[in-house]
Amino acid sequence: MYGNISIVDQAIGKKNAQEDPEKLAAFQAKIDRGEKIEPHDWMPADYRRQLIRMIEQHAHSEIIGALPEGTWITRAPGFKRKMALMAKVQDEVGHAQLLYNAAETLGKPREEMINDLLTGKSKYSNVFNYPAKTWADTAVIAWLIDAAAIINQVTNSKGSYAPYCRALERICQEESFHLKYGYDNVVTLATGTPTQRAMVQEALNRWWRPIMHFFGPPDIASVHSEILTRWKVKMASNDDMRQQFFNQYVPKIWELGLTVPDPELRKDEVTGKWSYGDPDWDEFKRVINGDGPCNKERLAVRRMAEINGEWVRNALKKPTAKYTVPLS
Ligand code: BYC
């Protein structure tokens, strides 16, 4: 902070200074009244830029997020679980389509978004840069990562940009099925043989830290929260969403006789706030900047999919031309 004005406020102030002050005031008043912004409405350039950044990252997260679970479709125990997992993975890819559509309404072409993902220019959620080592990992992902996503998305579906809110509402309905599917798998393992129980505990131990990171850095270190909150794009802070997750899911984890790998995690019954150990924010920074256990692998798979799918995209554009189908 410099005096009473934060660095973010100064930067936004400079950008906003280039905007028509009357339009800017009318825009903020509209947001403050709780009205929605549609694509054809006037909006400040930075509102557009911030939304593209966030929605695009979200879309990329859904598409990359399909990969850790996707590798388990052929190995899922039993036909019913294979079918259920396949449906979940399809849903996630469908979410990406809805989100790319929402981001496109702001003027960035889909090809450019995909290109920015493949070149590493755009980020996607930290959590999908970790390996799904056992079947129990898929159970923990479907239960707790989908739970974390629902907390984030239900909250932000009340936000100001109408196309993003509409996409989030639909996505949350599907995510709530995923959560039930994930919980069912966790319960099966947690109430199964000692080996199954150990397997789900071990998966939970490995995923806990990435899940803590999922909600973003602590509020004090969050770069975009201030302006996104003022513009009602973000309807709760990173820390508030993390606290909501603790409140809703830690008791459920304990109920199953599982433990959380954080000896400092406890709820203050007076304030209602949870305190927790440092989840290693340096690791978070490394992972979101491309240096996680699976970042290279995830992008390599996406690049391969892009090359293999090129003839389909071309065929859709020019159905009468001849195409060579790559043999992969
Ligand atoms: N991972 O200022 P901050 C799913 C970045 S998929 C990576 O607090 P903001 C599912 C942030 O971008 C659902 N990067 O940011 C799919 C910024 O960097 P840049 C995924 C992160 O935007 C398949 C910097 O850190 N959900 O559910 O105010 C199977 C500073 O952060 C992360 C979404 O994408 C992260 N976790 O708040 C199963 C939700 N956190 O851009 C499940 C949409 C922060 O300045 N996104 N960063 O270079 C959001 O709600 C917000 O962007 C966040 C971060 C709360 C994540």
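Use the structure listed above.
Residues numbered from 1 in each chain as written. Predicted model: local features only at pLDDT ≥ 70, side-chain atom pairs only at ≥ 80, totals over all residues. Heavy atoms only, no water.

J.: Looking at this structure, how should I read unusual backbone geometry?
T.: The bulk of non-glycine residues show a negative phi, and the bulk of peptide bonds are trans. In this model, Lys 232 sits at a positive phi of 50°, which is unusual for a non-glycine residue. Its place among the elements puts Lys 232 in the loop between helix 9 (225–230) and helix 10 (238–255). A positive phi angle, close to 65°, is found at Asp 280, a residue other than glycine. Relative to the helices and strands, Asp 280 resides in the loop between strand 2 (274–275) and helix 11 (281–288). (Helix = DSSP H or I, 4+ residues; strand = E, 2+ residues; numbered from the N terminus.)

J.: Would you mind showing me how to read helix 11 here?
T.: In an α-helix there are 3.6 residues to a turn, and that puts residues three or four apart on one side. Listed as buried for helix 11 are Trp 281, Glu 283, Phe 284 and Val 287. Take helix 11 and look down its axis: the buried residues cluster within an arc of 150°, on one side only. Close packing links the buried residues of helix 11 with helix 8 (194–214), helix 10 and helix 12 (295–308). A positive backbone phi angle near 105° is found at Gly 290, which sits one or two residues after helix 11. (Buried < 20%, exposed > 50% of the residue type's maximum accessible area, 1.4 Å probe, protein only. Arc of directions from axis to C-beta. Contact = heavy atoms within 4.5 Å.)

J.: Help me out: how do you make sense of the nonpolar core in this one?
T.: Considering soluble globular proteins, one finds that nonpolar side chains tend to be buried as a cluster. Core analysis: the largest hydrophobic core is formed by 83 residues, its most contacted members being Tyr 47, Ile 55, Leu 144, Tyr 161, Trp 208 and Phe 245. Looking at this core, the element that brings in the most residues is helix 6 (residues 135–156), giving 13 residues. In contact with Ile 55, not counting residues within four places along its chain, are Leu 99, Ala 102, Ala 103, Leu 106, Tyr 161 and Tyr 164. (Core = buried A, V, L, I, M, F, W, Y, C linked by side-chain atoms within 4.5 Å.)

J.: Is there a simple way to think about the packing of aromatic side chains in this case?
T.: In this description, an aromatic ring pair is defined by two values, namely the gap between the centres and the angle between the planes. This structure, assessed with the given rule, holds 18 aromatic pairs. Seen from their ring centres, Tyr 47 and Trp 231 are 5.6 Å apart, and the 85° between their planes marks the pair as edge-to-face. Highlighted residues: Tyr 47 in helix 3 (residues 45–70) and Trp 231 in the loop between helix 9 and helix 10, separated in sequence by 184 residues. Both residues of the pair, Tyr 47 and Trp 231, count as buried. (Phe/Tyr/Trp six-rings, centres within 6.5 Å; stacked < 30°, edge-to-face > 60°.)

J.: Please clarify how the environment of Met 199 should be interpreted in this entry.
T.: In this fold, Met 199 is placed in helix 8. It is 28 Å that separates the C-alpha atoms of Met 199 and Lys 285, two residues lying 86 residues apart in sequence. Residues in contact with Met 199, not counting those within four places in the same chain, are Thr 134, Trp 135, Ala 136 and Leu 189.

J.: Is there a simple way to explain the side chain of Asn 129 in this structure?
T.: Inspection of the secondary structure assignment puts Asn 129 in the loop between helix 5 (110–118) and helix 6. Of the residues examined, Asn 129 reaches a relative accessible area of 1% and is grouped as buried. Within the structure, Asn 129 has its side chain in polar contact with the side chain of Tyr 124 (distance 2.5 Å). With residues near it in sequence (within four places) discarded, Asn 129 still touches Tyr 124, Val 287, Gly 292, Pro 293, Cys 294, Asn 295 and Arg 298. (Polar contact = N/O pair within 3.5 Å; in protein donor to acceptor, adjacent residues only side chain to side chain.)

J.: Is there a simple way to think about the site of the ligand in this case?
T.: Every one of the 37 residues lining the ligand counts as a neighbour, but Lys 123, Ser 222, Val 223, His 224 and Lys 234 are closest to it. Here Asn 152 contributes a side-chain N or O atom positioned 2.8 Å from an oxygen atom of the ligand. Contact distances for the ligand include 2.6 Å between an oxygen atom and a side-chain N or O atom of His 224. Ranked by residue count, the leading element in the shell around the ligand is helix 3, at eight residues. Of the residues that constitute the shell around the ligand, the class distribution is 13 nonpolar, 15 polar and nine charged. (Near = heavy atom within 4 Å. Nonpolar A, V, L, I, M, F, W, Y, C, P; charged D, E, K, R; others polar.)

J.: Can you walk me through the pattern of salt bridges in this structure?
T.: Where charged atoms from two side chains of opposite charge come close, those side chains can pair. By the definition in use, this model includes 17 salt bridges. Glu 38 serves as the salt-bridge partner of Arg 166, at 3.0 Å between the closest nitrogen and oxygen. Of this pair, Arg 166 sits in helix 7 (residues 162–190) while Glu 38 sits in the loop between helix 2 (21–32) and helix 3, and the two are 128 residues apart along the sequence. For Glu 38, a relative accessible area of 23% corresponds to the partly exposed category. For Glu 283, the salt bridge is made with Arg 209, and the minimal N-O distance between the two is 2.8 Å. Taken together, the positions of Glu 283 in helix 11 and Arg 209 in helix 8 put the pair 74 residues apart, joining distant regions of the chain. (Salt bridge = Lys/Arg side-chain N within 4 Å of Asp/Glu carboxyl O.)

J.: Quick question: what am I supposed to make of the packing of helix 4 (residues 79–104) against helix 5 here?
T.: Between two packed helices, both the angle of their axes relative to each other and the distance between the axes serve to describe the pair. Between helix 4 and helix 5, the least distance of the axes is 10 Å, while the angle of their chain directions is 115°. Note on packing geometry: the crossing formed by helix 4 with helix 5 is right-handed. Contacts from Gln 97, Tyr 100, Asn 101, Ala 103 and Glu 104 in helix 4 reach Arg 110, Met 113, Ile 114 and Leu 117 in helix 5. Of the residues assigned to the contact of helix 4 with helix 5, the class counts are five nonpolar, two polar and two charged. (Axes fitted to C-alpha atoms, helices over the stretch in contact; angles between N-to-C directions. Left-handed = near helix turned anticlockwise from the far one by under 90°.)

J.: Mind showing me how you'd approach a nonpolar patch on the surface here?
T.: A cluster of nonpolar side chains, contributed by Trp 311, Val 312, Leu 316 and Val 325, occupies part of the molecular surface with about 370 Å² of accessible area. For Leu 316, the location among the structural elements is in helix 13 (residues 310–317). Under the relative-accessibility criterion, Leu 316 is labelled exposed at 69%. (Patch = residues over 30% accessible without salt bridge, like charges linked within 9 Å, V, L, I, M, F, W, Y side chains within 5 Å. Areas by Shrake-Rupley, 256 points an atom, 1.4 Å probe, with all protein chains shown as cover.)

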